[in-house]
Amino acid sequence: MRVSFHSVHQPRCAVCQKHCKSFESLREHLNGQLPKGNCSKIFSERGCYLCLKLFDSSTALSEHKEMCCLPAPAPLGTMTMPYAESQIDSSELNNENHIDRGPEAIAIDCEMVGGGSDGSLDLCARVCLIDEDEKLIFHTYVQPQIPITNFRYDVTGLTEEHLKDAMPLKDVQDKILQILYNGESIGRVRLDGGKARLLVGHDLEHDLDCLRMNYPDHLLRDTAKYHPLMKTNLVSHSLKYLTQTYLGYQIQSGVHDPYEDCVSVMRLYRRMRAQDHQNIGMGASFATNYPQNLKNGFDWRKTKELEVMTPDELYEISTPNYKCWCLDQGKNAVSNIDL
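Residues numbered from 1 in each chain as written. Predicted model: local features only at pLDDT ≥ 70, side-chain atom pairs only at ≥ 80, totals over all residues. Heavy atoms only, no water.

Looking up the chain in an unreviewed UniProt entry gives the name RNA exonuclease 4, with the organism given as Ziziphus jujuba. According to the UniProt record, the Sequence similarities (unreviewed entry) comment for the chain reads "Belongs to the REXO4 family." Recorded in UniProt under Subcellular location (unreviewed entry), the annotation for the chain is "Nucleus". (UniProt positions renumbered as here; feature names shortened; annotations may be inferred.)

**Here's the deal with the packing of helix α1 (residues 23–31) against helix α8 (residues 239–246)**
Close contact between α1 and α8 brings their axes to 13 Å; oriented N to C, the two are set at 50°. Between α1 and α8, the angle falls in the class oblique. Crossing geometry of α1 relative to α8 is assigned as left-handed. Across the interface between the two elements, Phe23, Glu24 and Arg27 of α1 pack against Tyr241, Thr245 and Tyr246 of α8. In terms of residue class, the contact of α1 with α8 is built from 3 nonpolar, 1 polar and 2 charged. (Axes fitted to C-alpha atoms, helices over the stretch in contact; angles between N-to-C directions. Helix = DSSP H or I, 4+ residues; strand = E, 2+ residues; numbered from the N terminus. Parallel < 35°, antiparallel > 145°, perpendicular 65-115°, else oblique. Left-handed = near helix turned anticlockwise from the far one by under 90°. Contact = heavy atoms within 4.5 Å. Nonpolar A, V, L, I, M, F, W, Y, C, P; charged D, E, K, R; others polar.)

**Some remarks on unusual backbone geometry**
Generally, phi is negative for residues other than glycine and the peptide bonds are trans, each holding for most cases. In this structure, Leu52 is a non-glycine residue whose phi angle is positive, near 65°. Summarising the element assignment, Leu52 is placed in the loop between α2 (37–46) and α3 (58–68). The phi dihedral of Arg212 is positive, around 55°, even though this residue is not glycine. Secondary-structure assignment places Arg212 in the loop between α7 (204–211) and β8 (220–222).

**Notes on the pairing of strand β3 (residues 121–130)**
Among the 10 residues that make up β3, 8 are buried, leaving the element largely enclosed by the rest of the structure. Looking at chain direction, strand β2 (residues 105–115) and β3 are connected through 9 bridges and run antiparallel. Residue pairing for β3: Gly115 is matched across the bridge by Leu121. The loop that links β2 with its antiparallel partner β3 comprises 5 residues; one of these, Gly116, has a positive phi angle of about 85°. Sheet analysis places β3 next to strand β4 (residues 136–143), joined by 5 bridges and oriented antiparallel. Bridge assignment links Leu129 to a residue of β4, and that residue is Phe138. Two successive antiparallel strands, β3 and β4, enclose a turn made up of 5 residues, where Glu134 displays a positive phi of approximately 70°. (Buried < 20%, exposed > 50% of the residue type's maximum accessible area, 1.4 Å probe, protein only. Pairing = 2+ DSSP bridges.)

**Looking at the nonpolar core**
Counting 62 residues, the largest nonpolar core has Val127, Leu129, Phe138, Ile176 and Leu211 as the members making the most contacts within it. Considering every element that reaches this core, the biggest residue donor is helix α9 (residues 258–273), with 8 residues. In this structure Leu211 touches Ile108, Cys110, Cys124, Leu169, Val172, Gln173 and Ile176, once residues within four positions along its chain are discounted. Residues Leu123, Ala125, Tyr141 and Leu163 belong to the second largest nonpolar core, which totals 7 residues. (Core = buried A, V, L, I, M, F, W, Y, C linked by side-chain atoms within 4.5 Å.)

**A few points about the packing of α8 against α9**
Their axes nearest at 10 Å, the elements α8 and α9 cross at an angle of 55°. Between α8 and α9, the crossing angle belongs to the class labelled oblique. Viewed along their axes, α8 and α9 form a crossing whose handedness is left-handed. Each of Leu239, Leu242, Thr243 and Tyr246 in α8 lies in contact with α9, whose residues at this interface are Asp261, Ser264, Val265, Leu268 and Arg271. Residue classes in the contact of α8 with α9 are distributed as 5 nonpolar, 2 polar and 2 charged.

**Comments concerning the side chain of His19**
Mapped onto the elements of the fold, His19 is located in the segment before α1. Here the side chain of His19 touches Gln10 through a polar contact of 3.0 Å, side chain to side chain. Excluding residues that lie within four positions of it along the chain, His19 makes contacts with His6, Ser7, Gln10, Pro11, Arg12 and Tyr315. (Polar contact = N/O pair within 3.5 Å; in protein donor to acceptor, adjacent residues only side chain to side chain.)

**Quick notes on the side chain of His202**
Residue position: His202 is located in the loop between β7 (198–201) and α7. We classify His202 as buried; its relative accessible area is 18%. From its side chain, His202 meets the backbone oxygen of His237 in a polar contact 3.1 Å long. Look past the residues within four positions of His202 in its chain and what remains in contact with it is Asp207, Asp222, Thr223, Ala224, His237, Ser238, Leu239, Leu242 and Val265.

**Considerations on α7**
For α7, the complete set of buried residues consists of Leu204, Asp207, Leu208, Cys210 and Leu211. Down the axis of α7, the buried side of the element spans an arc of 160°, and every buried residue falls inside it. Tucked into the core, α7 has its buried residues touching β2, β3, α5 (169–181), β7 and β8. Positive backbone phi, approximately 55°, marks Arg212, located one or two places after α7. (Arc of directions from axis to C-beta.)

**Remarks on the environment of Lys18**
Relative to the helices and strands, Lys18 resides in the segment before α1. In this structure Lys18 comes out as partly exposed when scored by relative accessible area, which is 42%. With 11 residues separating them along the chain, Lys18 and His29 place their C-alpha atoms 9.0 Å apart. With residues up to four places along the chain from it excluded, the contact list for Lys18 reads Pro11, Arg12, Cys13 and His29.

What follows is the structure, given as structure tokens:
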């Protein structure tokens with residue numbers, strides 16, 4: 001248990017209760033090249049291959065699939081106004097639907113053009129932010145600080161005309177931080193977040209680097225770095241793969257659309273956050289403080305005590321080597337979100 005990080009937060013086979021490092025390894029267990037015979041048979045009859053949940057009957061499974069397989073969002077396209085912002089005041093994002101849910105989350109996605117002599121330097125030319133209800137909060141084209149040498153039209157759909165009246169990068173930075181800080185002081189944000197919002201995205205480090213921005217690590221929720229969504233060897237999947245595999249629709253089939261990508265990462269985050277890990281015993285407090293007070297999921301200052309504990313007792317206090325997103329939920333939040 002010390003080596004494997006077994007905990008209630010890990011993906012597990014609903015048939016045999018086997019612990020898996022990621023949903024990818026769980027899929028291999030259920031329907032890979034060498035699946036577990038009995039588990040594969042039962043799951044093929046009553047299991048959902050998107051969320052990997054097992055249901056009591058084929059009827060319940062059919063009803064679930066109608067909600068689990070989501071329709072693709074309508075893209076913004078490249079013909080929208082160069083600058084768009086929600087007409088509601090940002091403070092209204094903390095409405096009655098989010099009071100008991102924990103910190104509000106905001107999804108971000110950027111589209112990059114090329115700079116430098118060979119066009120290989122990534123420059124942010126378009127950015128989009130949405131709230132948890134998939135409403136557009138902020139969208140604008142961005143004027144990079146150095147000349148663009150490759151618009152990467154096949155991927156971005158952007159031309160010089162789109163960026164003619166684009167917002168300066170400094171103004172974009174200020175607007176995004178205003179939305180994320182939510183009126184909180186920088187010191188409080190760095191300490192425990194306060195009223196600041198969680199930032200959701202795919203490969204957030206890349207987006208923030210291109211925006212020349214920083215945001216506290218404890219407020220980042222990255223679908224490219226979240227262990228259950230990674231490959232078994234902890235290599236990231238593409239957002240396109242995750243969307244197809246976990247949400248049931250395709251994105252990025254042509255020109256990339258930042259709104260479409262924002263919606264996909266937000267849906268992935270909400271689906272992971274809504275996992276039912278309610279009976280977590282001591283593990284909740286341990287996981288919240290990881291990794292400062294933990295090594296391999298246990299407090300190694302109490303080795304002698306651990307040695308005399310039963311497997312069930314060890315499991316009660318064990319935690320994964322990542323912070324489960326289900327811990328983002330407020331105390332009174334409903335765990336099953338209709339996604």
